[in-house]
Amino acid sequence: MTDTIEHPLPEDRPLEIAGRVYRSRLLVGTGKYRDLAETGRAIEASGAEIVTVAVRRTNLGQNPDEPNLLDVISPERYTILPNTAGCFTAKDAVRTCRLARELLDGHDLVKLEVLGEEKTLYPNMTETLVAAETLIRDGFKVMVYCSDDPLLAKRLEDMGCVAIMPLGAPIGSGLGIQNRYNIRLIVENARVPVLVDAGVGTASDATIAMELGCDGVLMNTAIAQARDPVRMADAMRLAIEAGRQAYLAGRMPKKRYASASSPIDGTFF
Ligand SMILES: CC(=O)[C@@H](O)[C@H](O)COP(=O)(O)O
C-alpha cells in the first residue's frame, strides 16, 4: 500500500448568480434526449445544479395529461432556469417569462433568448435589448443569451442582467468556440458572470471556454446527442473542472522556439 500525499489547492471562489452560490459551473439543457429517464441520468452525471427548460416546448404543468419534466428534474434539488427558446420577438419572450413565473410559483430567474432567424438561430440583439429592459423592470433576474459583441455584452450588464451568455457558435452546431478573442474581451470587461451558451461540441470546447476565464458553460446538444449522453455528461463535468483549474493555475507563455525541458547548464559531461 502506498501513502498518498495530499496537495490541497487554494479554494476557488464559487459561481454566484443573482445572489445564489453554485458549486458546479456546468449548466445543462433538457431537450433532444431520447426520453425523460435518459434526461434525468445525464443531468445527474453532469453534476449541474442549474437546468434550463424551454417553456414553450416543455411540459412544466401546462398539460396535466402529459409527463411533467419537473417529476424528473425536481425544483427542490435543481435551480430551474426557464428559457425563451423559440421566441423571435421581444413581446413573445416577455410573455413566455411571465408564463414561466406563473407555472413556477413566482420564480424570477430566467434565461432570455430572442432569436433572429431559423437558419443560424443567432440572437436578434435589438429585440433582446428591448426584452431585457422590460423583464428587468418587471422584476425578473435575467441571464441573457447574446452575440459575442463585447460592447453589447457590456450594455446588457449595465442594464442589470445578472449573467451574460455569449454564444460560442450557433445553437446545436457543435462547432466549438468560434471567437476566443471576443469571449476573452467580454470576460475581461464583465462584473457579472459570463457563461458561454451554445455551440459546444465536445469536452475540449468546454475546457477552452473555462480556460478563457468564463464563469461557466451552458450546453445541451453536445450531451443529449452524444452516442452515450450519460458518459458525455460526465466528461463535460470533468472538462469544466479541468478548464477552471487551468485558468486559475495560469498557462505558461507561448514561445516561438523550443526551450529544453531539462536544463543544459551544469550537465555532468
Ligand atoms: C438549451 C438551451 O438553452 C439552448 O438554447 C442553448 O443555447 C444550448 O445550445 P447547444 O445545444 O448548442 O448547447
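Quantities reported herein were computed from a predicted structural model and do not represent experimental measurements.

Each value, and the rule that gives it
- Residues numbered from 1 in each chain as written.
- Predicted model: local features only at pLDDT ≥ 70, side-chain atom pairs only at ≥ 80, totals over all residues.
- Heavy atoms only, no water.
- Near = heavy atom within 4 Å.
- Polar contact = N/O pair within 3.5 Å; in protein donor to acceptor, adjacent residues only side chain to side chain.
- Areas by Shrake-Rupley, 256 points an atom, 1.4 Å probe, with all protein chains shown as cover.
- 1 Å grid on protein atoms, 1.4 Å probe; cavity = no way out; pocket = protein on both sides within 12 Å on 5 of 7 lines; lining within 4 Å.
- Sits in = over half its atoms within 2 Å of the grid points.
- Nonpolar A, V, L, I, M, F, W, Y, C, P; charged D, E, K, R; others polar.
- Helix = DSSP H or I, 4+ residues; strand = E, 2+ residues; numbered from the N terminus.
- Buried < 20%, exposed > 50% of the residue type's maximum accessible area, 1.4 Å probe, protein only.

Enquirer: Explain the site of the ligand residue by residue, including any values.
Expert: Lining the immediate environment of the ligand, one finds 13 residues, of which K111, G172, D197, N220 and T221 sit closest. At 2.8 Å, a side-chain N or O of K111 approaches an oxygen atom of the ligand. A distance of 2.8 Å separates an oxygen atom of the ligand from a polar atom in the backbone of G172. In the complex, the protein chains occlude 94% of the 360 Å² of accessible area that the ligand would expose alone. More than half of the atoms belonging to the ligand lie within 2 Å of the grid points that define the largest pocket. Taken together, the residues that form the shell around the ligand break down as 4 nonpolar, 6 polar and 3 charged.

Enquirer: Residue-level account of unusual backbone geometry, with values.
Expert: Its identity is not glycine, yet A18 carries a phi of approximately 50°, on the positive side. Following the sequence through the fold, A18 ends up in the loop between β1 (15–17) and β2 (20–22). Residue class for A18 comes out partly exposed when judged on its relative accessible area of 35%. Not every positive phi belongs to a glycine, and D105 is a case in point at roughly 50°. If you trace the backbone, D105 turns up in the loop between α2 (90–103) and β6 (109–112).

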